[in-house]
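Survey of secondary and tertiary structure
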Amino acid sequence: MEQLESFIEIKKASKKFVTRSGDHVTALTDVNLSIDKGKFITLVGPSGCGKSTLLRMVGGLIQRSSGSVSIGGAEIEAPTAGIGMVFQSPVLLPWRTVRQNVTVAADIGGANRREVDERATKFLDMVGLNGFEDKYPSELSGGMQQRVGITRALVHDPEVLLMDEPFAALDAMTKDKLQVELQSLWMTSRKTVIFVTHSIQEAVFLADRVIVLAPRPGRVVDDITIELPRPRTLEMINSREFGDYTSAVRKHFEAEGLVQ
Amino acid sequence: MSEVISASVHRKVKSPSRFRFPAPDIVTLASVVVLVTFLSAWEWVLIPLLNISPALLPKPSAIAIALWSGLFVGDLGTDILITLQEVFLGYVLGSAIGFALAIPVAGSRVAERILYPYIVALQAIPKVAIAPLFVIWFGFGMTSKVVIVALITFFPVFVNAVIGLRATPAEQDELFDVYNASAWRRFRYLRLPNSAPYIFGGLNVGVTLSVIGAIVAEFVGAQEGIGSAIIRAGFALDTAGVFAAIAVLTFIAATASAAIQAIGRKLVFWMENPKG
Ligand SMILES: Nc1ncnc2c1ncn2[C@@H]1O[C@H](COP(=O)(O)OP(=O)(O)O)[C@@H](O)[C@H]1O
Ligand SMILES: [Mg+2]
């Protein structure tokens, strides 16, 4: 009897790195994860527990050592057009304007220029960047730069959005604002999102499911479904239920002696 | 020269607390005052006081007259045009070859291991010492000068282009990985723009060297050109004529360098934009 497959299936995925000195580092071991279409998943864990490695494995950006990763039934061996990626630093090309950065996929090929242009206009509007289309990245604040990065990742209409600590370098108030914006962006587009963070509060606030990772070797230690109603507001962070969720995540790190 | 090259590359790094110049008109005025003071002291203090012979050191006014008559009576105008052609052709040729060779060397470790030793050896040869060979091979005309200028311009452009073509940040490459970008698109949209600030650093070093190269080549053997004019004036003990030719050379080198810098600032505009 075969079980029905989820949209993203990660089975027994492991990654070993060989360092320059020849040592083997087990970044991830035996990760199993099934993710339904349209869900918002956060990966939380201390630095070095393999969050970025797992995210890049799903995106096909690094080869896994063993196991399998599939999206929509297709095994992932290399990056596909179905993926959008947002990095910790916005990675904007300084010689391109906001609009040219957002539509870079059309220059690189694969994406349809007209569709990309249309969606760029729509998303730039949604994230409040209208009027900034012709500015260069150096003229924008950090928060705005990251909005450009997010818009760029959405503009070729990927099914899966991978985000690697996109707000980690921002100040607390900008971070709060962008979390709320990201939620509403997600609620209108219903992409499947995997969002990496080392902030427990951010993980709980955004997620349908929080996947907790622990280091040495990197592995999944918990999988918590967050049943807070949406749209979530910043006031909810002070509620009892929210606190219960954050404690549930935090206890794993306390057990590991890794409280942040 | 290696210091020059690395300095030209480091220009790219923005210092946050850059020294702020006062209003430019005051600065211009001050530098004009410095120049006028210097020339006046030379003309009316230094020469008369020490009683220096004009065959050793002519007055600025004598140099100006020599320049004027060279341009409008003599052949200095033709000489300038000849040297400008040599510089321009050699510079374009040397830069183009330097850039073209930088692409495989920057792109592949194998190409680097094969080509780099020869390129470094080529650079180690003193160009002045081999200039007579080029005159033997290519004659007293323009070709030998163009080749020598090209050879001298080549290296700074090559070295800077190699560094620049490798200067693409890893995260930009990863962004292009996400889009499965081809090698050509990566080159066109990442490597090339990222290398531009370095290449202009190399072009700027190269432009000054190219003028030197043309003059050295003309010293070795030429009938025309500013270098040849200097030699002719020297033999005639026309010291003012030598100074006039040197003034022209300085002007050419400075103007060409300023032009390259202006083009660089325009094309590599994003390096100038201060944050915020
Ligand atoms: N390219 C690499 N080569 C060697 N080791 C690596 C490489 N990338 C990651 N690692 C190691 O794998 C582990 C997990 O890294 P990473 O996925 O970046 O963690 P996180 O994103 O959770 O901070 C770390 O111990 C890290 O040092
Ligand atoms: Mg990471």
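Bear in mind that the values here come from a model prediction, so they are computed numbers and not experimental data. (Residues numbered from 1 in each chain as written. Chains lettered and ligands numbered in written order. Predicted model: local features only at pLDDT ≥ 70, side-chain atom pairs only at ≥ 80, totals over all residues. Heavy atoms only, no water.)

Residues and elements named next belong to chain B. Within the secondary structure, T83 is located in helix α4 (residues 76-107). Since its relative accessible area comes to 2%, T83 is described here as buried. Looking at T83, its side chain comes within polar contact range of the side chain of E218, at 2.9 Å. What T83 contacts, discounting residues up to four positions off in sequence, is A214, I215, E218, G225, I226 and G227. (Helix = DSSP H or I, 4+ residues; strand = E, 2+ residues; numbered from the N terminus. Buried < 20%, exposed > 50% of the residue type's maximum accessible area, 1.4 Å probe, protein only. Polar contact = N/O pair within 3.5 Å; in protein donor to acceptor, adjacent residues only side chain to side chain. Contact = heavy atoms within 4.5 Å.)

What follows deals with the nonpolar core. In terms of nonpolar packing, the biggest core is built from 112 residues, with A:I10, A:V204, A:V210, A:V249 and B:F176 touching the most fellow members. A:V204 has contacts with A:V210, A:I226, A:L228, A:R232, A:F242, A:Y245, A:T246 and A:V249, leaving out every residue within four places of it along the chain. Listed in part, the 17 residues of the second largest apolar core include B:L76, B:A229, B:I230 and B:I252. (Core = buried A, V, L, I, M, F, W, Y, C linked by side-chain atoms within 4.5 Å.)

Looking along a regular strand, one sees side chains alternate from face to face of the sheet. Residues and elements named next belong to chain A. Most of strand β9 (residues 209-214) sits inside the fold, with six of its six residues counted as buried. Where strand β3 (residues 40-44) lies against β9, four bridges are found, and the strand directions are parallel. Bridging across to β9, I41 finds its partner in R209. Relative to strand β10 (residues 219-225), β9 runs antiparallel, the two being bridged by six bridges. Bridge pairing in β10 links I211 to D223. In sequence, β9 turns back onto β10 through a hairpin of four residues, with R216 there showing a positive phi of about 50°. (Pairing = 2+ DSSP bridges.)

On the secondary structure map, A:A168 appears in the loop between β7 (160-164) and α6 (172-189). Residues in contact with A:A168, not counting those within four places in the same chain, are A:Q88, A:K175 and A:H198.

Right, let's get into the site of ligand 1. Residue and element names in this part refer to chain A. Surveying the vicinity of ligand 1 reveals the residues F17, V25, A27, P46, S47, G48, C49, G50, K51, S52 and T53. One nitrogen or oxygen atom from the main chain of C49 is found 3.2 Å from an oxygen atom belonging to ligand 1. A distance of 3.1 Å separates an oxygen atom of ligand 1 from a polar atom in the backbone of G50. Bound to the protein, ligand 1 loses 62% of the 560 Å² it would expose on its own. The element contributing the most residues to the shell around ligand 1 is helix α1 (residues 51-59), with three residues. Considering only residue class, the shell around ligand 1 consists of five nonpolar, five polar and one charged. (Near = heavy atom within 4 Å. Areas by Shrake-Rupley, 256 points an atom, 1.4 Å probe, with all protein chains shown as cover. Nonpolar A, V, L, I, M, F, W, Y, C, P; charged D, E, K, R; others polar.)

Bringing the interface of chain B and chain A into the picture now. With 21 residues of chain B in contact, the opposing surface of chain A contributes 24 residues. Summed over both sides, the interface of chain B with chain A buries roughly 2,100 Å², with 64% coming from carbon and sulfur. Linking chain B with chain A are one salt bridge. For A:R56, the salt bridge identified is with B:E174, shortest N-O distance 2.5 Å. Across the contact surface, chain B and chain A share three residue pairs in polar contact (both at pLDDT 80 or more). Looking at the side of chain B that touches chain A, the elements that each hand over two or more residues are α8 (170-178) and α9 (183-220) of chain B. Here the element with the most residues in the side of chain B that touches chain A is α8(B); it accounts for seven residues. (Buried area = accessible area lost by both parts, 1.4 Å probe. Salt bridge = Lys/Arg side-chain N within 4 Å of Asp/Glu carboxyl O.)

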